[in-house]
Amino acid sequence: EDKVVQSPLSLVVHEGDTVTLNCSYEVTNFRSLLWYKQEKKAPTFLFMLTSSGIEKKSGRLSSILDKKELFSILNITATQTGDSAIYLCAVDESGGSNYKLTFGKGTLLTVNP
Amino acid sequence: DAGITQSPRHKVTETGTPVTLRCHQTENHRYMYWYRQDPGHGLRLIHYSYGVKDTDKGEVSDGYSVSRSKTEDFLLTLESATSSQTSVYFCAISSSGSGNTIYFGEGSWLTVV
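Read on for a plain summary of the structure. (Residues numbered from 1 in each chain as written. Chains lettered and ligands numbered in written order. Predicted model: local features only at pLDDT ≥ 70, side-chain atom pairs only at ≥ 80, totals over all residues. Heavy atoms only, no water.)

With that out of the way, let us pick up the overall build of chain A. Helix and strand content of chain A: zero helices and eleven strands. Ordered by position from N to C terminus, the α and β elements of chain A give β-β-β-β-β-β-β-β-β-β-β. Against the compact-globule benchmark of 13 Å for 113 residues, chain A has a radius of gyration of 14 Å, which places it among compact chains. Counting only C-alpha atoms, chain A reaches 45 × 30 × 25 Å along its principal axes. The long-range fraction of contacts in chain A, counting pairs at least 24 apart against all pairs at least 6 apart in sequence, stands at 54%. (Helix = DSSP H or I, 4+ residues; strand = E, 2+ residues; numbered from the N terminus. Rg over C-alpha atoms; globule rule 2.2 N^0.38 Å. Contact = heavy atoms within 4.5 Å.)

On to the interface of chain A and chain B, then. Listed by partner, the interface residues are 21 residues for chain A and 24 residues for chain B. Contact between chain A and chain B buries roughly 1,800 Å² in total, counting both sides, with carbon and sulfur atoms accounting for 58%. Between the two partners, chain A and chain B, sit zero salt bridges. At the junction of chain A and chain B, the tally comes to four residue pairs in polar contact (both at pLDDT 80 or more). (Buried area = accessible area lost by both parts, 1.4 Å probe. Salt bridge = Lys/Arg side-chain N within 4 Å of Asp/Glu carboxyl O. Polar contact = N/O pair within 3.5 Å; in protein donor to acceptor, adjacent residues only side chain to side chain.)

A separate point is the state of the cysteines. Every disulfide links exactly two cysteines, by a covalent bond between their sulfur atoms. Residue and element names in this part refer to chain A. As enumerated under the stated definition, the model contains two disulfides over all chains in all. Here Cys23 is linked by a disulfide to Cys89, with a sulfur-sulfur distance of 1.9 Å. Handedness here is read from the sign of the S-S torsion; for Cys23 and Cys89, about -60 degrees, the answer is left-handed. Of this pair, Cys23 sits in strand β3 (residues 19-25) while Cys89 is found in strand β9 (residues 85-92), placing the two residues 66 residues apart along the sequence. By the burial criterion, Cys23 is buried, and Cys89 matches it. (Disulfide = S-S within 2.5 Å. Buried < 20%, exposed > 50% of the residue type's maximum accessible area, 1.4 Å probe, protein only.)

Another aspect to go through is the nonpolar core. Core analysis: the largest hydrophobic core is formed by 22 residues, its most contacted members being A:Tyr25, A:Phe30, A:Leu33, A:Trp35, A:Tyr87, A:Val91 and A:Leu109. Of all the secondary structure elements, the ones that give two or more residues to this core are β3, β4 (32-38), β5 (43-49), β7 (61-66), β8 (71-76), β9 and β11 (107-112) of chain A. Listed in part, the 20 residues of the second largest apolar core include A:Ala90, B:Val88, B:Phe90 and B:Phe104. (Core = buried A, V, L, I, M, F, W, Y, C linked by side-chain atoms within 4.5 Å.)

In this section: the sheet that holds strand β8 (residues 73-78) of chain B. All names here are of chain B. Ordered by their spatial adjacency, four strands build an open sheet running β1-β3-β8-β7, and the pairing between neighbours is antiparallel. Across the chains shown, the open sheet's two edge strands, defined by having one partner strand only, are β1 (4-7) and β7 (64-70). Strand-to-strand twist of the sheet, defined as the mean angle between neighbouring strand axes without regard to direction, takes the value 20 degrees. Pairing geometry for β7 and β8, over five bridges, is antiparallel. From the neighbouring strand, Ser67 faces β8, where its bridge partner is Leu75. (Pairing = 2+ DSSP bridges. Axes fitted to C-alpha atoms, helices over the stretch in contact; angles between N-to-C directions.)

All names here are of chain A. Spatial strand order, β1-β3-β8-β7-β6: five strands in an open sheet with antiparallel pairing. Edge positions in the sheet fall to β1 (4-7) and β6 (56-58), since each of these pairs with one other strand and no more. Along the sheet, successive strands turn relative to each other by an average axial angle of 15 degrees, direction set aside. As defined by bridge partners, β7 adjoins β8 across six bridges and the pair is classed as antiparallel. Along β8, the bridge assignment pairs Ser62 with Asn75.

With that settled, the discussion passes to the packing of aromatic side chains. Tallied over the entire structure, the rule returns 15 aromatic pairs over all chains. Where A:Tyr36 meets A:Phe103, the ring centres are 6.0 Å apart and the plane angle is 50 degrees; that geometry is what we call tilted. Within this pair, whereas A:Tyr36 is found in strand β4, its partner A:Phe103 is found in strand β10 (residues 101-103), the two being separated by 67 residues in sequence. Just as A:Tyr36 is buried, A:Phe103 falls in that class too. Pairing A:Phe103 with B:Phe104 gives two aromatic rings, centres 6.0 Å apart and planes at 70 degrees, and the pair type is edge-to-face. Residue A:Phe103 is found in strand β10, and its partner B:Phe104 is found in strand β10 (residues 103-104); the two belong to separate chains. Of the two residues, A:Phe103 and B:Phe104, neither departs from the other in class, the shared state being buried. (Phe/Tyr/Trp six-rings, centres within 6.5 Å; stacked < 30°, edge-to-face > 60°.)

Put into structure tokens, the structure is as follows:
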């Protein structure tokens, strides 16, 4: 059973639309939740969230974490074609030298002109 | 961009041959990781290292071995390549094993025929 679930799996929107991507998780020892954007090649870091209810923001992208309900959302306002990518959510359960970062399967976002 | 270089970037090999992928970093980060990414599975951890000569298995380690003789280099070896190991392989680094962002290399595309 998947411990990190992203929805929707894919999404097609028009430029200028606002989108909300979801990430729910079920883990034992939560440390942080991370969002990445992946275009053709390597995933690139967007946000890391550790505290509930505090919004992280970067330009048109923002994200918030709800540790009580075990989910996070990534919002993108005024979407552009350059936002087309796979968005990955990952949950960190690491402790000591024991590393455990679990990725969701991603949301494929397509922004049409 | 994080100073991570993967080589080779693309390789086609035959079933049963050994293959070694190299990851080189210039950030002096302690932790290094090898992930594979496949459709329908997302990013899955193969092995990771938390220091020179210190390595541990991830969730899909069967058929793979790793070595880290220097801080900057982390090698992934497929002992005897199989078609199921056709994938994109990403190296990643982080300064610590938890609570820190991990940064990905550009990926190595491996095809086993």
